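Chain residues, written in single-letter form:
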Amino acid sequence: MQKIMVTGASGQLGRRVLHHLLHTVKLPIQNVVAATRKPAALNDWAQLGMEVRSLDLDAYASAEAAFQGIDRVLLISTDAIGRRAAQHVTAIRAAQAAGVVHLAYTSMPLPEGSPVLFAPEHEATEAAIKSSSLPGWTILRNHWYFENLLASAVPALQSGMWFSAAGDGRVAHIARDDLARAAAYAVSRTEQGKNTYTLSGSKAYNTAEIVQLVAAAAGQSIALVPATVEQLAAGMVAAGLPESVAKAYASFDTNTAQGRVAQVTTDYEKLTGVQPLSFDAWLDAHQAYLKG
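So, a few notes on the structure that sits alongside this text. (Residues numbered from 1 in each chain as written. Predicted model: local features only at pLDDT ≥ 70, side-chain atom pairs only at ≥ 80, totals over all residues. Heavy atoms only, no water.)

## Notes on the side chain of Thr36
Threshold: The way it works is that DSSP assigns letters per residue, a run of H or I at least four long becomes a helix, a run of E at least two long becomes a strand, and they are numbered from the N terminus. Pairing of N or O atoms within 3.5 Å defines a polar contact, subject to two protein rules: one partner must be a possible hydrogen donor and the other a possible acceptor, and residues neighboring in sequence count only if both atoms are side-chain atoms. Contacts: residue pairs with any heavy atoms within 4.5 Å of one another.
Along the polypeptide, Thr36 turns up in strand β2 (residues 32–36). Within the structure, Thr36 has its side chain in polar contact with the side chain of Ser10 (distance 2.9 Å). Not counting residues within four places of it along the chain, the set of residues in contact with Thr36 comprises Ser10, Leu42, Val52, Arg53, Ser54 and Leu55.

## Here we look at the pattern of salt bridges
Our working rule: Throughout this description, the term salt bridge denotes a Lys or Arg side-chain nitrogen within 4 Å of a carboxyl oxygen of Asp or Glu. Here the term buried applies to any residue with accessible area under 20% of the maximum for its type, exposed to any over 50%, and partly exposed to those in between, with areas from a 1.4 Å probe on protein chains only.
Per the stated rule, a full pass over the model turns up 12 salt bridges. Across the pair Arg15 and Asp44 runs a salt bridge, and its minimum N-O distance is 2.8 Å. Here Arg15, found in helix α1 (residues 12–23), pairs with Asp44, found in helix α2 (residues 43–47); they are 29 residues apart in sequence, far enough to count as distant. Among the residues examined, Arg15 registers a relative accessible area of 26% and is labelled partly exposed. Given the relative accessible area of 38%, Asp44 is considered partly exposed. Here Arg141 makes a salt bridge to Glu126, at a shortest N to O gap of 2.8 Å. Of this pair, Arg141 sits in strand β6 (residues 136–142) while Glu126 sits in helix α5 (residues 119–130), placing them 15 residues apart in sequence. Ionic contacts of the salt-bridge type, sharing partners, join the residues Lys3, Glu51 and Arg53 into one network.

Here you go:
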């Protein structure tokens, strides 16, 4: 049985991938390796018998050591915006050197020419994967999480106003746990192949529809307030976010307005054999949270 490694395994997505590898794909725990900069954060998995390895993608030697004896790798995009492309290239080089036969990577929809400020890092990583000598790879172009909506929903529920620069652009959100399930299947499949999947929810909504559904789930009214991207970023800075982070979040709305996250695909079902969680079902599951 091949050894499968999940990088960034201590993060929210990584932990759910570990869960699905064991409980959905049903791999033996001895065939799954969790890699992270913070091994102590995975003590709970280590106590269950999972091998946990230290992995620092700012240091090639660390990656080279971590990937030894690994057959298949899920490279979860790191949170080091600005350094991610270099970190990912380090992982790809180390995977090649270690003889990894298949690498899966969590990317984003349509990174080429995207107005999302960190999209070039995904585009560069995809290019590095495609030009590598890895025998097989899978690029997972993950749509935005439903969970990302909470960053807008919570302040909107508090103020009664949802500010948006997305116009009538639509988003085919998908649950984080569904993306974790898809990643678990993608990294554990036995065939080689070189494939790109765009993983979306089953329906795309514009912001007006999202606001209406969130308000109904929370049992209160929310007004949709159109804004420019600059106004949106300024409001987030005023709320305490660093300017660079605020501009990155605001760029999501530009991306949405351009229709770059509206595509609904059947790729999730192709990988997993099941339908993704609907927005209505996700809202039902988070209703108590939204109601405070």
